[in-house]
Amino acid sequence: MNVEINGPKILGYLFGNTNLPITETMRNSWIIMAFILFLCIFLTHRMQKIPKGKQALAEKAVLMIDGLVESTMGEGCQAFSPYIMTLMMSSLFGSLASLFWMRSTTADLNTTLGWAIITFVLITFNKIKYGGIKGYLKGFLEPIFVMAPLNVLSEIATPVSMSFRHFGNMAGGLVITTLIMGALKVLSNAVLGFLPDNIALLQIGLPGVLSLYFDCFTACMQAFIFSMLTMAYVGDARNS
Amino acid sequence: MTEALYEAFVSIGWWEILVTMCNTLITFLIIKKFLYKPVRKMLAARTEEVESMYSTAEKAQSEAEQMRSEYTERLSKAKEEAAEIVGSATRRAAERSDEILRESSQQASAMVKKAERVIEQERIKAHKELKDEVADLSVMIASKIVERDVKPEDHERFIEDFIDKVG
C-alpha cells in the first residue's frame, strides 16, 4: 500500500486565479481565528470587579503574558503583550487543531514563515528605532568589517531558523504519525487478516500515546519557544 | 469527482505568507480589542477601587486619631477644671473656717474683757463699800470706846490712812 504525505489541500482559487489558492491551512486558520474571537468574547463577557471562573482565567492569561514580556524584554514593553498573546494562541491552537480532524496550520511553512517575518520586521524596526539607522548598519561591521557577510547571514538566519524550527517540529510529528498509522494498518492486515480490510484494530492505542508527545507536548513547547524567541530578539534589539 | 490538489509539503508562496500575515494582524486586533481592552480596563478599575478604599481608610484613621487627641485634650482639661474647682472650694472653706475661728476668738476675748471689767468694777465697788463700812464701823467702835462723839468729819483723814494701812 501507499502512504501519501502531502502539503495542505488546495480548496479553490480566489477569483479563479491559480496564483491565489485557498489552502486547507488558510481555512483552518480562519476557523481558529473565529475560535479565538469567540474565546475572547466569552472569557471577557460580563466582567465583574471580583473575578470569577472564566474572567479569572482571562486576567491570569493577560497577567502571565505581561509578566513574561516584562521579565524578558524589560520594563515598559507592555505594548508587545497582545502580539505575544496572538503568537501564543495562534501557534498553540493552530498546532492543536490536529486533535480536531484538521491539518495543523503550523505544519505549513508559510504560516510559521509569516510569523517569523513579522518578528524579523519588529527586530529590524526596533534596532533602527533605538540605535539609529547608522547604528543599525554599523552593527553589521562588528567586531570587524570582515564579519559583515556573516552578520548579514545571521540576521537572515533568525527568521529562517525560527520558522523552520516550528514548522519542522509540527510537520515531523505529522510525518511520523502518518507513517506509524500506515505501518500499523499493514501490520493489522497481516496479523488480523480475517477482519474486513478497512478495520485496522492495531491502529487503536499507540498513535494516541504518540500524539500526546507529537501534538500536545510539541504544540505547547513550540508555541512557547516561538514567543520566547520573539520576545528575546525584540527585547535585545531595544536594549542594545 | 476531481482529484484533490495538494500544495508541496515544503513550499513557500508569497500569497500564502501574505494571507498568514493578514490573519495574524486580524488576530492581533481581535485579541487587543476583545481580550486586552476589557481586562486592562477591569484591572485598572480594580486598582482604582483598591486605592480609593485605602485612601478612605487612611482618612478615617486620621480622623479617628484626631478625635482621640481631641478627646484626650478635653478630658485633661476637664480634669484640670475639676481640680481647680476642688482647690478653690477647699481654699474658700479654709478661709471661711479661719474667719469663723478668728471671729469667735475675738468674740470670746471681748466677752472675757467685758467680764473682767465687770469683775473689776464689782471688786472696786465692793472694796469701796467695805471701806465705807469699815470706816463707819471704826468710827462707831471708836466712839464706843471713847464714849464720845467722834466727828467723822474730823477724823476722816486719820481713818482713811488707817484703813489704807490695814487693807
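Just so we're clear, the structure is a prediction, and the values are computed from it rather than from any experiment.

> Where do I start with the interface of chain A and chain B in this structure?
When the parts come together, some accessible area is lost, and that loss is often what is quoted as the size of the interface. On the chain B side, the residues contacting the 36 residues of chain A number 34 residues. Of all the elements in the fold, those that place two or more residues in the side of chain A that touches chain B are β1 (9-13), α1 (24-43), α2 (54-73), α3 (81-96) and α4 (109-138) of chain A. Sorting elements by how many residues they give to the side of chain A that touches chain B places α4 of chain A first, with eight residues. Considering only residue class, the side of chain A that touches chain B consists of 22 nonpolar, 11 polar and three charged.

> How should I be thinking about the environment of Ser 52 of chain B in this particular structure?
Considering the arrangement of structural elements, one finds Ser 52 of chain B in helix α1 (residues 14-146). Residues Ser 52 of chain B and Ile 163 of chain B, spaced 111 residues apart in sequence, show a C-alpha to C-alpha distance of 119 Å.

> What exactly am I supposed to notice about helix α6 (residues 206-239) of chain A here?
Because an α-helix packs 3.6 residues into every turn, residues spaced three or four apart end up facing the same way. Over its 34 residues, α6 of chain A runs 48 Å from end to end, which matches the ideal 50 Å to within 8%, given 1.5 Å per residue. When the local axis directions of α6 of chain A are compared, the greatest deviation, roughly 35°, occurs at Thr 218 of chain A.

> How should I be thinking about α1 of chain A in this particular structure?
In a regular helix each residue adds 1.5 Å, so 20 residues correspond to 28 Å; α1 of chain A covers 28 Å between its end C-alpha atoms and thus fits that length. Of all the positions in α1 of chain A, only Glu 24, Thr 25, Met 26, Asn 28, Ser 29, Ile 32, Ile 36, Cys 40 and Leu 43 of chain A are classed as buried. Turning to α1 of chain A, the residues buried within the fold contact β1, β2 (21-23), α2, α3 and α4 of chain A together with α1 of chain B.

Calculation criteria
- Per chain, the residues get numbers from 1 upward, laid out in the order the sequence is written.
- Working convention: letters from A go to chains and numbers from 1 go to ligands, in the order in which they are written.
- Local features in this predicted model are restricted to residues whose pLDDT is 70 or higher, and side-chain atom pairs enter the listing and the counts only when it is 80 or higher, whereas totals over whole chains, interfaces and linings include all residues.
- Here, residues touch in the contact sense if the C-beta positions derived from the backbone fall within 7 Å of one another.
- Numbering of helices and strands starts at the N terminus; helices are DSSP runs of H or I of at least 4 residues and strands are runs of E of at least 2.
- For this scheme, ten residues count as nonpolar: Ala, Val, Leu, Ile, Met, Phe, Trp, Tyr, Cys and Pro. Four count as charged, namely Asp, Glu, Lys and Arg, and the remainder, Gly too, count as polar.
- One less than the number of residues in a helix, times 1.5 Å, gives the span that helix is expected to have.
- What we call the bend at a residue is the angle made by axes fitted to the seven residues finishing there and the seven residues starting there.
- Buried residues are those with 20 or more other C-beta atoms within 10 Å of their own C-beta, exposed residues have 12 or fewer, and partly exposed residues lie in between; C-beta atoms are placed from the backbone.

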